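Structure assessment
The residues making up each chain are set out below.
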Amino acid sequence: QVQLVESGGGLVQPGGSLRLSCAASGSIFSINAMVWYRHVPGKQRELVATITNGGRTNYADSVKGRFTISRENAKNTAYLRMNSLKPEDTAVYYCGANVARTATMAAEEYWGQGTQVTVSS
């Protein structure tokens, strides 16, 4: 089995910064793309950022220039650095990963439990 654990969420003032971490563990052969989503109750889930195993990144327009996704392949860990935070960034942030558990198994999607980010004065 594979587990993803997010950390780093919390309460921050507008204009502040946070860094989220997502650590994958368990039976892992390789990890392809890793992603960060966010969700606000009553609203549609939003894809925030993606990163391939080669380091190629993509961002939602709403966070471009403020958020940076990165990963450490040796640690099976992805990060989301969030700068210039705004109240509208308040959400539960979820990490996802496309993981192959063996060399012959097809990769599957795994998700963490989420971490709350609240931007408020």
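This write-up is about the structure you can find in this document. All residue numbers refer to position in the chain's written sequence, counted from 1. Reporting of local features is limited, given that this is a predicted model, to residues whose pLDDT is at least 70; pairs of side-chain atoms are given and counted only at 80 or more, and all residues count toward the totals for whole chains, interfaces and linings. Side-chain figures throughout are based on the complete set of non-hydrogen atoms in the structure, without hydrogens or water.

1. Quick look at the overall build of the protein chain
Each helix is a run of DSSP H or I of at least 4 residues and each strand a run of E of at least 2, with the numbering of both proceeding from the N terminus. What the protein chain contains, in helices and strands, is zero helices and 11 strands. Reading the protein chain from its N terminus to its C terminus gives the helix and strand order β-β-β-β-β-β-β-β-β-β-β. As defined in this context, the radius of gyration uses C-alpha atoms, and a globule is described by 2.2 Å times the residue total to the power 0.38. In terms of overall dimensions, the protein chain is globule-like: its C-alpha atoms have a radius of gyration of 14 Å, near the 14 Å expected for 121 residues. Here the term buried applies to any residue with accessible area under 20% of the maximum for its type, exposed to any over 50%, and partly exposed to those in between, with areas from a 1.4 Å probe on protein chains only. Across the 121 residues that make up the protein chain, the buried fraction comes to 39%. Contacts are assigned to residue pairs with any non-hydrogen atoms lying within 4.5 Å of each other. In the protein chain, 56% of the contacts between residues at least 6 apart in sequence involve partners at least 24 apart.

2. Looking at the nonpolar core
Among the buried residues, those of types Ala, Val, Leu, Ile, Met, Phe, Trp, Tyr and Cys that are joined through side-chain atoms within 4.5 Å form a nonpolar core. Judged by nonpolar contacts, the single largest core of 30 residues is most densely connected at Met-34, Trp-36, Val-48, Phe-67, Leu-80, Met-82 and Tyr-93. When residues of this core are traced back to their parent elements, those giving at least two are β1 (2-7), β3 (18-26), β4 (30-39), β5 (46-51), β7 (67-72), β8 (77-82), β9 (91-100) and β11 (115-119). When residues of this core are assigned to their parent elements, the largest contribution, five residues, is made by β9.

3. Quick word on the pattern of salt bridges
By salt bridge we mean one thing: a side-chain nitrogen of Lys or Arg within 4 Å of a carboxyl oxygen of Asp or Glu. Throughout the structure, instances matching the rule amount to five salt bridges. The salt bridge partner of Asp-89 is Arg-38, with a shortest N-O separation of 2.9 Å. With a gap of 51 residues between them, Asp-89 in the loop between β8 and β9 and Arg-38 in strand β4 connect regions that are remote in the sequence. For the residue pair Asp-89 and Arg-38, the accessibility class agrees, reading buried in each case.

4. Side note on the side chain of Asn-98
Relative to the helices and strands, Asn-98 resides in strand β9. Under this definition, polar contacts are N or O atom pairs within 3.5 Å; protein pairs additionally need one hydrogen-donor-capable and one acceptor-capable atom, and for neighbouring residues in sequence, both atoms have to be side-chain atoms. Among the polar contacts listed, one links the side chain of Asn-98 to the side chain of Asn-32, at a separation of 2.7 Å. Look past the residues within four positions of Asn-98 in its chain and what remains in contact with it is Ser-30, Ile-31, Asn-32, Ala-33, Ala-107, Glu-108 and Glu-109.

5. Re unusual backbone geometry
Most peptide bonds take the trans form, and the phi angle of most residues other than glycine is negative. Even without glycine at this site, Asn-76 takes up a positive phi of about 50°. Tracing the chain through its elements places Asn-76 in the loop between β7 and β8. Phi is positive for Ser-84, close to 50°, though the residue is something other than glycine. Considering the arrangement of structural elements, one finds Ser-84 in the loop between β8 and β9.

6. A look at the sheet that holds β8
Strand order across the open sheet formed by four strands is β1-β3-β8-β7, with antiparallel pairing between neighbours. Of all the strands in the sheet, just β1 and β7 have a single pairing partner and so form its edges. Strand after strand, the sheet turns through a mean of 15° between neighbouring axes, direction not considered. Following DSSP output, two strands are said to pair if at least two bridges run between them. Inspection of the sheet shows β1 paired to β3 by six bridges, in the antiparallel sense. Interaxial angle, 0 to 180 degrees, is taken between N-to-C directions of lines fitted to C-alpha atoms, where a helix line uses only the stretch in contact.

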